[in-house]
Amino acid sequence: MLIPTPVRDFASLHARLAPLRERLYAHPVYGALRDHADLRVFLQHHVFAVWDFMSLLKGLQRRLTCLDEVWTPVGDRDARRLVNEIVLGEESDAVGGRHVSHFEMYREAMQQAGCDTAAVDAAVAAVWAGEPIEQALRFAPEAARAFSTVTFSIVRSNDLPAIAAAFTLGREDVIPSMFTRLVQDLHAGGHGDMTTLIDYLDRHIELDGDEHGPMAARLLSVVCGDDAAAWQRAEAAAVRSLEARIALWDGVVAAVAGRPLADASRR
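Residues numbered from 1 in each chain as written. Predicted model: local features only at pLDDT ≥ 70, side-chain atom pairs only at ≥ 80, totals over all residues. Heavy atoms only, no water.

> How would you sum up the overall build of the chain? Please name residues and give values.
A count of helices and strands for the chain gives 13 helices and two strands. With respect to the three principal axes, the spread of C-alpha positions in the chain is 60 × 50 × 35 Å. Relative to its full complement of 267 residues, the chain shows a buried share of 50%. Of the roughly 12,600 Å² of accessible surface on the chain, 54% is carried by carbon and sulfur atoms. The average position of the 27 basic charges and that of the 37 acidic charges among the side chains of the chain differ by 3 Å. (Helix = DSSP H or I, 4+ residues; strand = E, 2+ residues; numbered from the N terminus. Buried < 20%, exposed > 50% of the residue type's maximum accessible area, 1.4 Å probe, protein only. Areas by Shrake-Rupley, 256 points an atom, 1.4 Å probe, with all protein chains shown as cover. Lys, Arg positive; Asp, Glu negative; His and termini not counted. Charge placed at Lys NZ, Arg CZ, Asp CG, Glu CD.)

> Pulling in residues and values, what's your account of helix H9 (residues 142-156)?
In this model H9 runs 21 Å from its N-terminal to its C-terminal C-alpha over 15 residues, within 8% of the 21 Å that 1.5 Å per residue would give. Here H9 has its buried residues at Ala143, Ala144, Phe147, Ser148, Val150, Thr151, Phe152, Ile154 and Val155. Summarising the contacts, the buried residues of H9 are in contact with helix H4 (36-64), helix H8 (133-136), helix H10 (160-172) and helix H13 (228-257). Just beyond H9, the residue with positive phi is Asn158, at close to 60°. (Expected span 1.5 Å × (residues − 1). Contact = heavy atoms within 4.5 Å.)

> Residue-level account of the nonpolar core, with values.
Residues Phe42, Phe48, Leu60, Tyr106, Leu220 and Trp249 are the most contacted members of the largest nonpolar core, which totals 91 residues. Ranked by residues supplied to this core, first place goes to H4 with 15 residues. Apart from the residues within four sequence positions on either side, Phe48 is in contact with Ala119, Val120, Ala123, Leu137, Ala140, Pro141, Ala144 and Ser148. (Core = buried A, V, L, I, M, F, W, Y, C linked by side-chain atoms within 4.5 Å.)

> Can you tell me about the pattern of salt bridges, naming the residues and giving the values?
The tally for this structure, following the rule as stated, stands at 11 salt bridges. Put simply, Arg81 and Glu85 hold a salt bridge, and the shortest N to O gap is 2.6 Å. A residue pair is termed a helical-turn pair when its members lie 3 or 4 positions apart in one helix, as Arg81 and Glu85 do in helix H5 (residues 77-91) at four residues. Taking the relative accessible area as the measure of exposure, Glu85 reaches 34% and is therefore partly exposed. (Salt bridge = Lys/Arg side-chain N within 4 Å of Asp/Glu carboxyl O.)

> Outline the side chain of Arg245, supporting the account with residue identities and numerical values.
Here Arg245 is to be found in helix H13. Salt bridges are absent for the buried Arg245, whose nearest opposite-charge side chain, Asp52, sits at 6.7 Å.

> Residues and numbers for the packing of H9 against H13, please.
Following both chains from N to C, one finds H9 and H13 inclined at 165°, their axes separated by 8 Å at the closest point. One way to sum up the angle between H9 and H13 is to call them roughly antiparallel. Between H9 and H13 the crossing geometry is left-handed. Note on element contacts: H13 touches H9 through Ala237, Arg240, Ser241, Ala244, Arg245, Leu248 and Gly251, opposite Ala143, Ala144, Phe147, Val150, Ser153 and Ile154. Split into classes, the residues belonging to the contact of H9 with H13 amount to eight nonpolar, three polar and two charged. (Axes fitted to C-alpha atoms, helices over the stretch in contact; angles between N-to-C directions. Parallel < 35°, antiparallel > 145°, perpendicular 65-115°, else oblique. Left-handed = near helix turned anticlockwise from the far one by under 90°. Nonpolar A, V, L, I, M, F, W, Y, C, P; charged D, E, K, R; others polar.)

> A description of the confidence of the model for the chain should follow, citing residues and the corresponding values.
Taken residue by residue, the chain gives an average pLDDT of 89. The fraction at 70 or more is 92%. Counting contacts from residues 262-267, a segment whose pLDDT is below 50, to residues more than four positions away or on other chains yields nine contacts. (pLDDT = per-residue confidence, 0-100.)

> Outline the packing of aromatic side chains, supporting the account with residue identities and numerical values.
By the definition in use, this model includes six aromatic pairs. With a centroid separation of 6.1 Å and 50° between ring planes, the pair formed by Phe179 and Tyr200 is classed as tilted. Highlighted residues: Phe179 in helix H11 (residues 175-189) and Tyr200 in helix H12 (residues 195-224), separated in sequence by 21 residues. Per residue, the accessibility class of Phe179 equals that of Tyr200, and both read buried. Put simply, the rings of Phe48, Trp51 and Phe103 touch in pairs and so form one group of aromatic residues. If you follow Arg245 out to its NZ or CZ, it ends over the ring of Trp249, 5.2 Å from the centre. (Phe/Tyr/Trp six-rings, centres within 6.5 Å; stacked < 30°, edge-to-face > 60°. Lys NZ or Arg CZ within 6 Å of the ring centre and 35° of its normal.)

So, in structure tokens, the structure goes:
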């Protein structure tokens, strides 16, 4: 039995993950969203991934910068700059003459599409009320709950290489290709009430592809450095994250397949 050579740099790890990325990009979820009702099912699942993404990012910020009452210069200077720039864009992006988090923008897209936001609103409210995230996620669809459970297990591991890898290789690296396919399908379907969603997806294709993705790759390289054990933990977290995304898409497909046909015009 051949033992895989341990990875020691970003390029090697990225290449090792190619089969999982191919499974993700070829997933049947993209062809399964055939009408507005299917898209709403997708949105009600995916919004939880949009929400827990911020916890991954904030997990990085907590480890790489000082968030204590008394500030002191901590961590790698380049890593501090990279993570703070990404937080600025994700938590308070400048969109249409206003500042908005990408989660809030996604929720607005759901409302425009006539999608029920009650589940994610209830989960956020539960956290505001002091409930642990495990309890708050009871409002999420089963597949979304499983996905976010993986996310928070990585965040709470307090393992910086694992958090950075889940963020970089499980999110920023794959989002542009995933979202490009979704935008193409939305344009082809002529969904007039999905303009905010299309804007959200287009923004991430641009931002993650041109800026945040490369920045996250540099950040992961800084975090792991020449530490072979760190790269090994990064690989394990990246694999978990990609497999969790594939399972989430499986759950969306199953939920769509179990939905009654809306009308005879459904493609």
